[in-house]
Amino acid sequence: MSLTDANIMNTYRRTPIALVRGQGARVWDAGGRQYLDFLAGIAVCNLGHAHPAVVDAVRRQAGELMHVSNLYYTNPQAEVARILVERSFADKAFFCNSGAEANEAAIKLARKYAHENLGPDKYELITMKDSFHGRTMATITATGQEKFQFGFTPLLDGFRYIPFNNPEALEAAITPRTCGVMLEPIQGEGGVIIPDDDYLARVREICDRHKILMIVDEVQTGIGRTGKLFAYEYSGVKPDIMTLAKALGNGFPVGAMLATNEIARAFSPGNHASTFGGNPLAMAAVQATLETILGQDILGRSLETGAYFRQHLERLKAKHSMITDVRGKGLMIACALTGDGAPIVSACQERGLLINCTGGKTLRFVPPLIITKNDVDEAVSILDAALEGR
Ligand SMILES: *Cc1c(COP(=O)(O)O)cnc(C)c1O
């Protein structure tokens, strides 16, 4: 830990434990202590740690072909793109290495499409207050939270912010310069904020009427987190562009931006690129992840476990006045608190449960989708003890 503090830039508030190994929903620290991991690398390890399908695929691919350039064809990339396209609204994929990069690609594609099809003055994107889209310059600009932008001005031109879950505000914010709207189906870092059931459908209708693009950031909600492969599937409508990362490679760093043919056509060779994007090693991890999630009814089971978990959190809410709200979809779940969540996170950790807290007063639970009801029972009893007397 002192090595880290001496040599690594100070951009994270780290908890003083050093993790060395993981298996399923459990991780172990350097002293051999076990933790139940209900954070899963922040909604990343949806199949849990060291899932054999992913480990085998990465091992095999690493020994065969780890990286060549996108100047050549590689089979794993074609296979993964086929799965994503078959399972979504999209016709084409672009691969990169993170959520921020996927959103950068989406912003560039939206601007390029608008520039070519709607005119050079249409470049403005509308995004949501309390959203989170990443840490690059374009994505902190898109992120509607000043705390992520502070100290980094000047930001990019061409962004406007409106309240989430408010179709009227979207309608009112559209100008002749607007080319699209970008939003999370459920706001993650903003505190697991779930909009009304008809919200995405209303956004779609407004986008159609004004001929602007609908971009969904499914970096956190995608790959089964909410109980469907993509959270937009609950809405009954389809976006024009979608971004993925976090759980896409179950821990292997990888991102993707997907779009319909109509929009994707705006990119031609030389417009956008990534050296590592979609390399065979990353794609082997993604293929194993997607095939396992889709082939083993992980989604169906996670919906059941999520409902069971929420039910038990409701029981804790009735018992502890500090909990004011329990909300979630699938296994993307939060407890809103009356006060600071940090002491609860620490108290859980001392008892062997890893969770985190977003926006100060919201406990966030994004466990691996493979957790059992026994794991939930254990987590709930630890949380119960951590809340005792507060
Ligand atoms: C985590 C996250 C990002 C950023 O992803 P990185 O891989 O950290 O760049 C973007 N959007 C959403 C919704 C996220 O949750």
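Before reading on, note that the structure itself is shown above.
Everything in this summary refers to the structure shown in the same document. Keep in mind it's a predicted model, so treat the numbers as computed, not measured.

### Remarks on the sheet that holds strand E9 (residues 241-244)
Here's step 1: Ordered by their spatial adjacency, 7 strands build an open sheet running E4-E10-E9-E8-E7-E5-E6, and the pairing between neighbours is mixed. Each edge of the sheet is formed by a strand with only one pairing partner; in this case those strands are strand E4 (92-96) and strand E6 (159-162). Averaged over all pairs of adjacent strands, the angle between their axes in this sheet comes to 20 degrees, without regard to strand direction.
Here's step 2: Pairing between strand E5 (residues 124-128) and strand E7 (residues 178-183): 3 bridges, direction parallel. The residue bridging Leu125 from the neighbouring strand is Gly180, located in E7.
Here's step 3: The strands that helix H5 (residues 99-117) touches are E4, E5, E6, E7, strand E8 (213-217), E9 and strand E10 (255-259); relative to E9, the one it contacts most, it runs at about 165 degrees.

### Quick look at the pattern of salt bridges
Here's step 1: Going through the model one piece at a time under the given rule, you end up with 18 salt bridges.
Here's step 2: Across the pair Glu189 and Arg364 runs a salt bridge whose closest N-O atoms are separated by 2.7 Å. A residue pair is termed long-range when its members are at least 10 positions apart, and Glu189 in the loop between E7 and helix H9 (199-210) and Arg364 in strand E15 (residues 362-365) qualify at 175 residues.
Here's step 3: Close ionic contact of Lys319 with Glu388 constitutes a salt bridge, the shortest N to O distance being 3.9 Å. Of this pair, Lys319 sits in helix H12 (residues 298-319) while Glu388 sits in the segment after helix H14 (373-387), and the two are 69 residues apart along the sequence.
Here's step 4: In this structure Lys319 comes out as partly exposed when scored by relative accessible area, which is 48%.
Here's step 5: In the salt-bridge network here, residues are joined through shared partners; they are Arg26, Asp375 and Glu378.

### Describing the side chain of Ser131
Here's step 1: Its place among the elements puts Ser131 in the loop between E5 and helix H6 (137-142).
Here's step 2: For Ser131, the residues in contact, after removing those within four places along its chain, are Ala142, Thr143, Gly144, Gln145, Glu184 and Gln187.

### Remarks on unusual backbone geometry
Here's step 1: For the peptide bond that leads from Thr153 to Pro154, omega is 0 degrees, which places it in the cis range.
Here's step 2: Turning to its location among the elements, Pro154 is positioned in the loop between helix H7 (146-149) and E6.

### Comments concerning the packing of helix H4 (residues 75-86) against helix H11 (residues 280-295)
Here's step 1: At their nearest, the axes of H4 and H11 sit 8 Å apart, and the two run at 35 degrees to each other. For the element pair H4 and H11, the recorded crossing hand is left-handed. Facing H4, whose interface residues are Pro76, Gln77, Glu79, Val80, Ile83 and Leu84, H11 presents Pro280, Met283, Ala284, Val286, Gln287, Leu290, Glu291 and Leu294.
Here's step 2: Grouping the constituent residues of the contact of H4 with H11 by class yields 10 nonpolar, 2 polar and 2 charged.

Reading the values: the criteria
Residues numbered from 1 in each chain as written. Predicted model: local features only at pLDDT ≥ 70, side-chain atom pairs only at ≥ 80, totals over all residues. Heavy atoms only, no water. Pairing = 2+ DSSP bridges. Helix = DSSP H or I, 4+ residues; strand = E, 2+ residues; numbered from the N terminus. Axes fitted to C-alpha atoms, helices over the stretch in contact; angles between N-to-C directions. Contact = heavy atoms within 4.5 Å. Salt bridge = Lys/Arg side-chain N within 4 Å of Asp/Glu carboxyl O. Buried < 20%, exposed > 50% of the residue type's maximum accessible area, 1.4 Å probe, protein only. Left-handed = near helix turned anticlockwise from the far one by under 90°. Nonpolar A, V, L, I, M, F, W, Y, C, P; charged D, E, K, R; others polar.

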